[in-house]
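Reading the structure
These are the residues of each chain, in order.
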Amino acid sequence: MTLLRDHDLARAFDHAAHTYDRLTALNPGYRTDLLRSARRLRLPEGGAGLHLLDLGCGTGASTRALLRSAPRARITAVDASSGMLRRALDKPWPPQVRFLHLTAEEFAAAGAGPFDAVFAAYLFRNVTHPDRVLTAVRSLLRPGGRLAVHEYSLSGSAVHRALWNAVCRGLIIPAGTLSGDRALYRHLWSSVLGFDTAPAFAERLRRAGFTGVRVAPVAGWQTGIVHTFLARNGSRTATRGAR
Ligand SMILES: C[S@@+](CC[C@H](N)C(=O)[O-])C[C@H]1O[C@@H](n2cnc3c(N)ncnc32)[C@H](O)[C@@H]1O
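What comes next is a walk through the structure. Just so you know, these numbers come straight off a predicted model, no measurement behind them.

1. Describing the overall build of the chain
The helix and strand inventory of the chain stands at nine helices and seven strands. Taking 18 Å as the expected radius of gyration for a compact globule of 243 residues, we find that the chain reaches 17 Å, a close match to that expectation. Seen through its principal axes, the chain has C-alpha atoms that stretch 50 × 40 × 30 Å. Counting all 243 residues of the chain, 54% fall into the buried class. Nonlocal contacts in the chain, meaning residues at least 24 apart in sequence, comprise 72% of its contacts between residues at least 6 apart. Summing over all exposed atoms, the chain offers an accessible surface of approximately 10900 Å²; the carbon and sulfur share of this is 55%. Computing the positive centroid from 33 side-chain charges and the negative centroid from 17, the chain places the two 6 Å apart.

Set out below in structure tokens:
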């Protein structure tokens, strides 16, 4: 298993940042699925008056999806990799979007928020302590605030696991090797195999105090491999700035 964590992972993303958008563009569902997950937040009135957080925003693909799903919202996008953020900042953004170079944990510790909704796409599989980050997310959300996690999380069926292995062997690892980022793409392969199945991550969300947890599949070849997890912050204690 090649698993990267913390600074090693941030460095690997820094290095891969210049090819990241090109490689993800080869995945036919990448952007459509992000948009579908962001829309599943069902934010009212185009997000007017809302402040949203994109945690682990990378080069901004998930931020763009969030913006398209809620074009009137204010959006803060945070990432641990300066290289990925530089790519995000190279793109045109409206003034209500801002980017910050921090880890999710640092951002929560700085007392940020509260946010009306948090979007985290392809983040949780990468963090060392998912439960700590979920606690951080709850402290960042207003009570009742919405969470959408978009993640590679296998269904638990042997068929989906076999399909993931086949796609990694046949496409992802060769493409990552050609781009010079083999370690990061081996990390992608292993981290999906080692991460919670979809039912297990849903249970992790409930244990962390989220309510109304729902799991929805994405369409296409990633059905059973990528899921959207939707939940609300059931907290009664995080009342800072609550509405
Ligand atoms: C696979 S990329 C996904 C980027 C983006 N959300 C997207 O959908 O394209 C994962 C991102 O999470 C970031 N990341 C990993 N651990 C993090 C942490 N603890 N806090 C903040 N960002 C983190 C990485 O730097 C990387 O940019």
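Read on for the rest.
2. Details of helix α7 (residues 158–179)
Here α7 contains 22 residues, and its C-alpha end-to-end distance of 30 Å stays within 8% of the 32 Å for a straight helix at 1.5 Å per residue. The largest bend in α7 is about 45°, located at C168. Along α7, the residues classified as buried are W164, N165, V167, C168, I172, I173, G176 and S179. Backbone nitrogen of V159 and a side-chain oxygen of the N-cap are separated by 3.0 Å at the start of α7; the cap is S157.

3. Regarding the packing of helix α1 (residues 6–25) against helix α4 (residues 82–89)
Each packed pair of helices is defined by two parameters, the angle between the axes and the distance between the axes. Taken N-terminus to C-terminus, the directions of α1 and α4 make an angle of 30°; their axes are 6 Å apart at the nearest point. As far as their axial angle goes, α4 and α1 are roughly parallel. On the side of α1, the interface is formed by F13, D14, A17, H18 and Y20, while α4 contributes S82, G83, M84 and R87. Of the residues in the contact of α1 with α4, the class split is four nonpolar, three polar and two charged.

Rules used in this analysis
- Residues numbered from 1 in each chain as written.
- Predicted model: local features only at pLDDT ≥ 70, side-chain atom pairs only at ≥ 80, totals over all residues.
- Heavy atoms only, no water.
- Helix = DSSP H or I, 4+ residues; strand = E, 2+ residues; numbered from the N terminus.
- Rg over C-alpha atoms; globule rule 2.2 N^0.38 Å.
- Buried < 20%, exposed > 50% of the residue type's maximum accessible area, 1.4 Å probe, protein only.
- Contact = heavy atoms within 4.5 Å.
- Areas by Shrake-Rupley, 256 points an atom, 1.4 Å probe, with all protein chains shown as cover.
- Lys, Arg positive; Asp, Glu negative; His and termini not counted.
- Charge placed at Lys NZ, Arg CZ, Asp CG, Glu CD.
- Expected span 1.5 Å × (residues − 1).
- Bend = angle between axes of the 7 residues up to and from the residue.
- Polar contact = N/O pair within 3.5 Å; in protein donor to acceptor, adjacent residues only side chain to side chain.
- Axes fitted to C-alpha atoms, helices over the stretch in contact; angles between N-to-C directions.
- Parallel < 35°, antiparallel > 145°, perpendicular 65-115°, else oblique.
- Nonpolar A, V, L, I, M, F, W, Y, C, P; charged D, E, K, R; others polar.

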